[in-house]
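The chain contents come next:
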Amino acid sequence: MTTEQLLLHRSHLVIIDEADALQAQAFDRAARQVLLAQDGAEHTPVRDLDSQFRRHCHRLPMSLEQFLRPLINHLVWLAESYVSHLVGGVIHPDRERRSMVVPCRWDGMFASRIFRLEAGERPTAQQMQAVNQLYKREGPLEFADEVEGLAELRELLCSATDLAGGSDRLTHATLKRIGEAFSAITGETDEKRLSSLALLAARRAYLEEMRSILHRIVGVAAPLQGAGISASNGLVDALASHIPWRAAPYGPLGRALFAFSETFDPADRHQTALRLKSYVGDPHAHLAYLGEVTALAHTGTRRAVIGMSATAFMPYAPRHHLLPEPSWYVPDDVNGSLTVELQAGQDDGAGIVVSGTEGASRERAYTAMGRSVGQDLPAQLDAVAADPATAHRAYALLAPTAYNAGPALARGMISVGVAASGICVAVRPQDMAALERMPPGWVPIPSNRLEQFPHAVGRGRCRYLIAPMARVERGLNIVDRDGRSLLHVACLVNRPVPVMEDPPVLLSLVLPATRPNRL
């Protein structure tokens, strides 16, 4: 919590301004992701960790260096091999483009097939333990004497992630042998079902081995940082649950959760990537119990909490909607003045599809959407500007779902005659310096300064603001001196469905088990 958000009063109250922004920030910090490998990428957090370790390992105790060296080498190889197998077709994702993978979720199915359980019968804890032991070369293996072929399956799965004799052990032939091992255990003969089972088992072997290695590396993060190996910070940030800011380190399900994300595009192999995603903490509960947790930490005693925001009860905005019902609010002065219309984008008479596209195809779709919008909006704004009663609001907001959509939309609008100097595109603040050195034609504006539109940017000539929906969903103070809105129209240029694989959004949609107290 920042100093600006926390004000301690003599009346024994904690007053939090922009409470919904605080919650959104909590989601951003509680749900993280880190890139493990990408096809053709020279720099990833894992590669950077390997490079820094090689340069600074002499600063570590010899025992720690010997502990970490094989782990880091193995992690680099596993992550990049997995991506290579995705590109080469040895591993097939559940679906193209992006896919969230929680490998342990397949364990129940493995247990049901191995132990030939009836439909609806739940595996026992001992049977689930046996499935987990299939991926551990050392230690006991439950049911090894009772289920013929179980030990052989264990050897195949454990060796799949080995780099033996300089060769990769995961091949089509290996997958076939794993399928044959399952067939010997389960009695199944359907090759398609066995092939699918073998593929899931092999993917589980790779992903769980990577997760295990990452946890062991993060466990010694402090001496790594002390030795100047800062590349581990991103991994620690994604995996460590107990870092200072988190008042509630475990999530709604009572524990830290981890998943992998596979990005696969057969049309562009260099988009193929593997990421680790983590979900740690429960921002809903964190905000609901500020009086008992955060106020106690700051003041030494419990305090009543007043959370304030102009838009804190914006229903179903994924990260900004506060669950507690407001005890007091000021309704809008004007009701019934907002009209919502569905207007499908058209390009040469054909409908424009953005959702479900990726890469160059998505950029072309956004450019086509820009052409469609650019043919319709200018006439609307001209009509508004011609009426003295409405001339003050002859401006438009266009809200896509990502930063990279803005330039494509602008290019499409410019191609149909919209003046480039009239288009203002929100960009990440760190990108402003490069855009100022090489002006793009349209007017860039830092996304944290959107309230400067329209008069303080582009010499006051901008009529269109293009900004990601996540930046504008709380509303913007784009008003004149009399408090009147300057926007005539706000366009969602593609359907506002949150990406469920975006960690902060996904965590925000998981509600706590108990209803929180009021703010």
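The rules we used
- Residues numbered from 1 in each chain as written.
- Predicted model: local features only at pLDDT ≥ 70, side-chain atom pairs only at ≥ 80, totals over all residues.
- Heavy atoms only, no water.
- Pairing = 2+ DSSP bridges.
- Helix = DSSP H or I, 4+ residues; strand = E, 2+ residues; numbered from the N terminus.
- Axes fitted to C-alpha atoms, helices over the stretch in contact; angles between N-to-C directions.
- Contact = heavy atoms within 4.5 Å.
- Core = buried A, V, L, I, M, F, W, Y, C linked by side-chain atoms within 4.5 Å.
- Buried < 20%, exposed > 50% of the residue type's maximum accessible area, 1.4 Å probe, protein only.
- Salt bridge = Lys/Arg side-chain N within 4 Å of Asp/Glu carboxyl O.
- Parallel < 35°, antiparallel > 145°, perpendicular 65-115°, else oblique.
- Left-handed = near helix turned anticlockwise from the far one by under 90°.
- Nonpolar A, V, L, I, M, F, W, Y, C, P; charged D, E, K, R; others polar.
- Phe/Tyr/Trp six-rings, centres within 6.5 Å; stacked < 30°, edge-to-face > 60°.
- Expected span 1.5 Å × (residues − 1).
- Arc of directions from axis to C-beta.
- Polar contact = N/O pair within 3.5 Å; in protein donor to acceptor, adjacent residues only side chain to side chain.

Participant: Let's hear about the sheet that holds strand S13 (residues 423-427): which residues, and what values?
Facilitator: The strand order across the open sheet built from five strands is S14-S13-S15-S12-S16, with neighbouring strands paired in parallel fashion. Each end of this open sheet is capped by a strand with a single partner; those strands are strand S14 (443-446) and strand S16 (487-492). With direction set aside, neighbouring strand axes in the sheet form an average angle of 25 degrees. Pairing of strand S12 (residues 395-399) with strand S15 (residues 464-466), which is carried by three bridges, proceeds in the parallel orientation. Considered in S15, the bridge of Leu 397 is made with Leu 465. Sheet strands in contact with helix H14 (residues 405-415) are S12, S13 and S15, and its direction is about 170 degrees off that of S13.

Participant: Now, about the nonpolar core: what can you tell me, with residues and values included?
Facilitator: Counting 73 residues, the largest nonpolar core has Leu 36 and Met 210 as the members making the most contacts within it. With 15 residues, helix H8 (residues 191-218) is the largest single contributor of residues to this core. If we skip the residues at most four places from it in the chain, Met 210 touches Leu 36, Leu 75, Leu 78, Ala 79, Tyr 82, Phe 260 and Leu 274. Counting 28 residues, the second-largest nonpolar core is a separate cluster that includes Ala 405, Ala 408, Leu 409 and Val 425.

Participant: Tell me about the pattern of salt bridges, and please be specific about residues and values.
Facilitator: Per the stated rule, a full pass over the model turns up 14 salt bridges. The salt bridge involving Glu 208 is made with Arg 211; its shortest N-O contact spans 3.0 Å. Remark: Arg 211 and Glu 208 occur in helix H8; sequence separation between them is three residues, near one turn of the helix. Classification of Glu 208 by relative accessible area gives buried; the value is 11%. Taken together, the salt bridges that share partners define one network made up of Arg 113, Glu 188 and Arg 193.

Participant: Break down the packing of helix H13 (residues 359-386) against H14 for me, citing the residues and quoting the values.
Facilitator: It is the contact of H13 with H14, at a shortest axis distance of 7 Å, that shows an interaxial angle of 45 degrees. The pairing of H13 with H14 is recorded here as oblique in orientation. For the element pair H13 and H14, the recorded crossing hand is right-handed. Residue-level contacts link Glu 363, Tyr 366, Thr 367, Met 369, Gly 370, Arg 371 and Gly 374 of H13 to Ala 405, Ala 408, Leu 409, Arg 411, Gly 412, Met 413 and Ser 415 of H14. Residue classes in the contact of H13 with H14 are distributed as six nonpolar, five polar and three charged.

Participant: Report on the environment of Ala 37, specifying residues and quantitative values.
Facilitator: Its location among the elements puts Ala 37 in strand S3 (residues 31-38). Remark: the alpha-carbon pair of Ala 37 and Leu 276, spanning 239 residues in sequence, is separated by 9.8 Å. If near-sequence neighbours (up to four positions away) are discounted, Ala 37 is found in contact with Thr 44, Ala 79, Glu 80, Val 83, Ala 273 and Leu 274.

Participant: Describe the packing of aromatic side chains, with residues and values.
Facilitator: A complete count under the given rule lists five aromatic pairs for this structure. Each ring, one from Tyr 82 and one from Tyr 206, has its centre 5.9 Å from the other, and the planes form 50 degrees; the classification is tilted. Here Tyr 82 is found in helix H3 (residues 62-88), whereas its partner Tyr 206 is found in helix H8, with 124 residues between them in sequence. Of the two residues, Tyr 82 and Tyr 206, both sit in the buried class. Three or more aromatic residues link up through ring pairs in this structure, and these residues are Trp 77, Tyr 82 and Tyr 206.

Participant: Tell me about H3, and please be specific about residues and values.
Facilitator: In an α-helix there are 3.6 residues to a turn, and that puts residues three or four apart on one side. End to end, H3 covers 39 Å across 27 residues, agreeing with the expected 39 Å (1.5 Å per residue, within 8%). Count one or two residues on from H3 and you reach Gly 89, which has phi positive near 90 degrees.

Participant: Account for the pairing of S12, naming residues and giving values.
Facilitator: With respect to burial, S12 is a largely interior element, five of its five residues being buried. Burial of the side chains of S12 extends over both faces: Tyr 395, Leu 397 and Ala 399 are buried on one face and Ala 396 and Leu 398 on the other. Both S12 and S16 contribute to a ladder of five bridges, which runs parallel. Of the residues in S16, the one forming a bridge with Ala 396 is Val 489.

Participant: Tell me about the side chain of Gln 23, residues and numbers included.
Facilitator: Mapped onto the elements of the fold, Gln 23 is located in helix H1 (residues 19-30). With relative accessibility at 2%, the residue Gln 23 sits in the buried group. Each residue touching Gln 23, except ones within four places of it in the same chain, is listed here: Pro 283, His 284, Leu 287, Arg 319, His 320, His 321 and Leu 322.

Participant: Can you explain helix H4 (residues 107-114)? Please cite residues and give values.
Facilitator: Listing the buried residues of H4 in full gives Asp 107, Phe 110, Ala 111, Arg 113 and Ile 114. Projected onto a plane normal to the axis of H4, the buried residues spread over an arc of 170 degrees and lie on a single side. Phi turns positive, to about 50 degrees, at Arg 116, one or two residues after H4.

Participant: If you had to explain the environment of Ser 51 to someone new, which residues and values would you point to?
Facilitator: By the secondary structure assignment, Ser 51 is in helix H2 (residues 45-56). Given the relative accessible area of 31%, Ser 51 is considered partly exposed. When the C-alpha positions of Ser 51 and Ala 231 are compared, they lie 8.9 Å apart, and in sequence the two are 180 residues distant. Within the structure, the side chain of Ser 51 is placed 2.9 Å from the side chain of Arg 55, a separation counted as a polar contact.

Participant: Could you give me a rundown of unusual backbone geometry, with the residues and numbers involved?
Facilitator: The phi torsion of most residues other than glycine is negative, and most of the peptide bonds are trans. The omega torsion of the bond from Phe 453 to Pro 454 falls at 5 degrees, within 30 degrees of zero and hence cis. A positive phi angle, near 70 degrees, is found at Phe 143, a position not held by glycine. For Phe 143, a relative accessible area of 15% corresponds to the buried category. One non-glycine residue, Arg 459, lies in the positive phi region at around 55 degrees.

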